[in-house]
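So the chains spell out like this:
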Amino acid sequence: MKPRVTKYIFVTGGVSSSIGKGIVAASVGALLEARGLTVTHIKLDPYVNVDPGTMSPFQHGEVYVTDDGAETDLDLGHYERFTNATMSRASNATTGRIYGSVIEKERRGDFLGGTVQVIPHVTDEIKQFVMDGARGVDVCICEVGGTVGDIESLPFLEALRQLKLGLGPANAINIHVTLVPYIAAAGELKTKPTQHSVQKLREIGIQPDIIVARCDRELADDLKRKISLFCNVPPNAVVSGVDVDTLYAVPLAFHREGLDRLVIDGLNIWTREPVLDRWEKIVQAVRDANRRVTIGIVGKYVDHTDAYKSLHEALIHGGLDNKAKVDLRYIDSEDIEKRGAETLLKGVDGVLVPGGFGNRGSEGKIAAVRYAREQKVPFFGICLGLQVAVIEFARHVCELEDAHSVEFKESAKNPIIHLMAHQHGVERKGGSMRLGSYDCDLKKGTLAATVYGKKRIQERHRHRYEVNNDYRSVMTEKGLAFSGLSPDELLVEIVEIGDHPWFLGCQFHPEFKSRPYAPHPLFSAFVKASLAHGSCDD
Ligand code: GLN
């Protein structure tokens with residue numbers, strides 16, 4: 001039976017960051033959908049930036065872009081890849097955004113002489129945000145970023161504590177995700193950090209209903225009993241979250257541990273048994289992959305691969321569609337500048353230049369494009385990747401001297417990539433790029449049209465610069481096809497080269513729309529071409 005009101009699951013994290021809280025939340029969403037419920041996800045992030053759009057990928061990882069153009073935390077990517085929920089501006093709030101709107105209300109005089117305080121004004125704002133974002137679904141899964149014990153997350157945890165109380169029994173539950181480390185010297189898994197983290201939670205009035213203990217090996221029953229005793233949860237509500245070979249096996253592993261049953265019992269919802277074939281098929285496909293392909297990813301954030309989270313997943317999805325395991329080789333574009341493209345790219349089956357910002361390493365990316373174009377290695381350029389591909393073509397095929405993006409060199413003689421009129425003089429940087437979903441029309445008979453199999457597509461954007469239309473005719477003459485354009489034909493969305501096994505650049509980010517059960521056609525086609533290239537080499 002469907003619940004009559006929206007029920008809530010609050011997910012917190014303890015002991016350490018980066019233990020896969022987002023994947024736990026996303027997997028719970030997947031399991032509830034498999035039981036026939038509708039779900040949505042919310043992420044509350046304790047940092048003061050209004051959104052992660054102004055944060056360096058070195059610090060924060062990928063900025064995930066939604067259809068409605070919100071720049072959000074990368075966990076929203078997991079939510080969209082694991083569930084049918086569509087993320088939006090209503091799905092991610094930070095301390096900065098919450099305080100921003102409380103302060104705006106104060107300036108407007110909405111508080112009528114009252115003293116504005118964290119409790120109740122900030123906590124009310126958080127509660128309202130969560131309830132607004134949860135509207136219309138059976139279950140809302142709300143994750144709090146950071147680790148319990150951080151000063152920053154206190155207002156969020158307090159708001160969720162109040163919300164749970166207000167919702168009444170069986171309408172909200174808390175899942176606490178912690179780490180149970182294996183101490184090699186003792187040869188044992190240790191529960192003490194989990195005990196302390198739950199103590200911290202209970203100090204602020206939150207008693208977890210379920211504990212998900214992340215560990216590198218199965219949690220034996222006696223350890224579950226120990227955690228149960230010290231943390232005041234029933235032993236069967238201690239779930240082990242053991243590392244698995246593919247992310248997409250996590251929902252199945254949690255189902256085996258009984259997590260979805262615990263959740264629906266806790267929320268007093270009756271549902272059918274879950275239908276899990278979607279996940280079984282994906283995991284089988286991962287394990288059945290019997291071909292291999294190596295993709296060279298040429299970028300700047302190569303030591304911080306969280307910056308390429310969705311890209312990484314989209315390539316894996318593309319591999320699944322071709323029964324192939326995709327090996328990703330991250331290559332620093334500055335290394336290419338020092339050691340040459342040939343040295344570093346030799347042996348890769350496909351070259352991908354992903355999105356990025358700033359001049360550093362740009363010449364290395366241009367050299368990588370040149371290598372792929374001349375050596376006829378499949379090439380896929382995404383956003384900045386398209387821009388460097390067009391620059392490379394302008395320089396070396398059209399022989400346009402000093403061809404550049406004005407992002408790299410403002411005074412360039414041939415500004416092949418430039419700012420559109422409305423982007424000139426943008427001073428408030430946050431949220432001011434071309435963001436979110438835009439239509440794109442594909443030219444008949446091109447690679448893009450064949451790959452997508454339709455005429456109009458929608459893809460997500462996050463960039464400031466565009467191809468300079470003044471150069472379109474000279475480049476077309478020399479063989480660069482502008483195969484995807486905005487419906488008014490003013491913006492270049494896709495470029496390709498006909499006389500090449502597979503060479504395509506897109507101004508948007510297709511990786512945000514790839515799903516493990518519905519791989520994005522561009523990634524499938526790129527992996528396929530790379531496999532073909534690899535087999536020619538053998
Ligand atoms: N820096 C480029 C721009 O702003 C590309 C951005 C990106 O790759 N996301 O247009």
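For the structure given in this document, a descriptive report is provided here.

Calculation rules
Starting afresh in each chain, residues are numbered from 1 along the sequence in its written order. With the structure being a predicted model, the display of local features is reserved for residues of pLDDT at least 70 and the display and counting of side-chain atom pairs for 80 or more, all residues being used for whole-chain, interface and lining totals. To obtain the side-chain values, all non-hydrogen atoms of the structure were used and water was disregarded. By the criteria applied, helices consist of DSSP H or I runs no shorter than four residues and strands consist of E runs no shorter than two, each listed in order from the N terminus. Residues are treated as being in contact if the distance between any of their heavy atoms lies within 4.5 Å. Axis lines are fitted through C-alpha atoms, for helices just across the contact stretch, and the angle between N-to-C directions can take any value from 0 to 180 degrees. If an angle is under 35 degrees, it is roughly parallel; if it is over 145, roughly antiparallel; if it lies from 65 to 115, roughly perpendicular; otherwise it is oblique. For a crossing to be left-handed, the near helix must be turned anticlockwise from the far one by less than a right angle; the clockwise case is right-handed. Here the nonpolar group is Ala, Val, Leu, Ile, Met, Phe, Trp, Tyr, Cys and Pro; Asp, Glu, Lys and Arg are the charged ones; every other residue, Gly included, is treated as polar. Given the number of residues in a helix, its expected span is that number minus one, multiplied by 1.5 Å. Each residue is assigned to one of three classes by its accessible area relative to the maximum for its type, calculated with a 1.4 Å probe on protein chains only: buried under 20%, partly exposed between the two thresholds, exposed over 50%. Of all possible arcs, the one meant is that of the directions from the helix axis to the C-beta atoms. We define proximity as follows: a residue is near a molecule or strand when any one of its heavy atoms falls within 4 Å of that partner. The term polar contact refers here to a pair of N or O atoms within 3.5 Å; inside protein, the definition further demands a hydrogen-donor-capable atom paired with an acceptor-capable atom, and it admits residues adjacent in sequence only when both atoms are side-chain atoms. Working definition of accessibility: Shrake-Rupley area with a 1.4 Å probe, residue cover restricted to the visible protein chains. Cavities and pockets are found on a 1 Å grid laid over the protein atoms alone: a cavity is a set of points where a 1.4 Å probe fits but cannot escape, a pocket is an open set with protein on both sides within 12 Å along at least five of seven lines, and a lining residue has an atom within 4 Å of such a point. Any molecule with more than half of its atoms within 2 Å of a cavity's or pocket's grid points is regarded as sitting in that cavity or pocket. Each salt bridge in this description consists of a side-chain nitrogen of Lys or Arg and a carboxyl oxygen of Asp or Glu lying within 4 Å of one another. Nonpolar cores were defined as sets of buried Ala, Val, Leu, Ile, Met, Phe, Trp, Tyr and Cys residues, with membership established by side-chain atoms within 4.5 Å.

## Section: the side chain of glutamine 162
Reasoning step 1: By the element assignment, glutamine 162 lies in helix H6 (residues 154-167).
Reasoning step 2: In contact with glutamine 162, other than residues within four places in its own chain, are Ile119, Thr123 and Lys127.

## A look at the packing of helix H5 (residues 118-134) against H6
Reasoning step 1: Close contact between H5 and H6 brings their axes to 9 Å; oriented N to C, the two are set at 70°. Compared by their axis directions, H5 and H6 come out roughly perpendicular. By crossing handedness, the relation of H5 to H6 is classed as right-handed. Packed against H5, whose contacting residues are Val118, Ile119, Val122, Thr123, Ile126, Lys127, Val130 and Met131, the element H6 presents Pro155, Phe156, Glu158, Ala159, Leu160, Gln162 and Leu163 at the interface.
Reasoning step 2: In terms of residue class, the contact of H5 with H6 is made up of 11 nonpolar, 2 polar and 2 charged.

## Describing helix H4 (residues 95-108)
Reasoning step 1: Its 14 residues place the ends of H4 20 Å apart at the C-alpha level, agreeing with the 20 Å of an ideal helix rising 1.5 Å per residue.
Reasoning step 2: Those residues of H4 lying buried are Thr95, Gly96, Ile98 and Val102. The buried residues of H4 all sit within an arc of 160° when viewed along its axis, so they share a single face. Residues Arg107 and Arg108 are exposed on H4 and point more than 90 degrees away from its buried face.
Reasoning step 3: Those residues of H4 that are buried lie in contact with strand E2 (39-45), strand E5 (92-94), H5 and H6.
Reasoning step 4: One or two steps after H4, the chain reaches glycine 109, where phi turns positive at roughly 90°.

## Comments concerning the site of the ligand
Reasoning step 1: Around the ligand, the neighbouring residues are Gly355, Gly356, Phe357, Cys383, Leu384, Gln387, Glu407, Arg462, His463, Arg464, Tyr465 and His509.
Reasoning step 2: Here an oxygen atom of the ligand and a side-chain polar atom of glutamine 387 are 3.1 Å apart.
Reasoning step 3: Between arginine 462 and the ligand, the recorded distance is 2.8 Å, taken from a backbone N or O atom to a nitrogen atom.
Reasoning step 4: Out of a free accessible area of 300 Å², the ligand has 98% covered by protein chains.
Reasoning step 5: Comparing atom positions with the cavity grids shows the ligand to sit within the second largest pocket.
Reasoning step 6: Secondary structure elements with two or more residues in the shell around the ligand: helix H16 (384-396) and strand E19 (456-463).
Reasoning step 7: Within the shell around the ligand, the residues separate by chemical class into 4 nonpolar, 5 polar and 3 charged.

## Looking at the pattern of salt bridges
Reasoning step 1: Going through the model one piece at a time under the given rule, you end up with 41 salt bridges.
Reasoning step 2: Among the ionic pairs, lysine 127 bridges to aspartate 124, the shortest N-O distance being 3.8 Å. One end of the pair, lysine 127, and the other, aspartate 124, are both in helix H5, 3 residues apart, so they sit about a helical turn from each other.
Reasoning step 3: Accessibility expressed as a relative area gives 18% for lysine 127, which makes it buried.

## As for the packing of H4 against H5
Reasoning step 1: Contact pair H4 / H5: the axes reach a minimum separation of 10 Å and the direction vectors enclose 115°. In this structure, the crossing between H4 and H5 has a hand that is right-handed. On the side of H4, the interface is formed by Arg97, Ile98, Tyr99, Ser101, Val102 and Lys105, while H5 contributes Val118, His121, Val122, Glu125, Ile126 and Phe129.
Reasoning step 2: For the contact of H4 with H5, the per-class residue count stands at 7 nonpolar, 2 polar and 3 charged.

## Comments concerning the nonpolar core
Reasoning step 1: Of all hydrophobic cores here, the largest spans 59 residues; its most connected members are Ile9, Leu32 and Val263.
Reasoning step 2: Examining the composition of this core, we find that 9 residues originate from one element, helix H1 (residues 21-34), more than from any other.
Reasoning step 3: Beyond its immediate stretch of four places on either side in the chain, leucine 32 contacts Ile9, Leu37, Val39, Val139, Ile141, Val263 and Ile264.
Reasoning step 4: Counting residues in hydrophobic clusters, the runner-up holds 43 residues, among them Val348, Leu384, Tyr465 and Val467.

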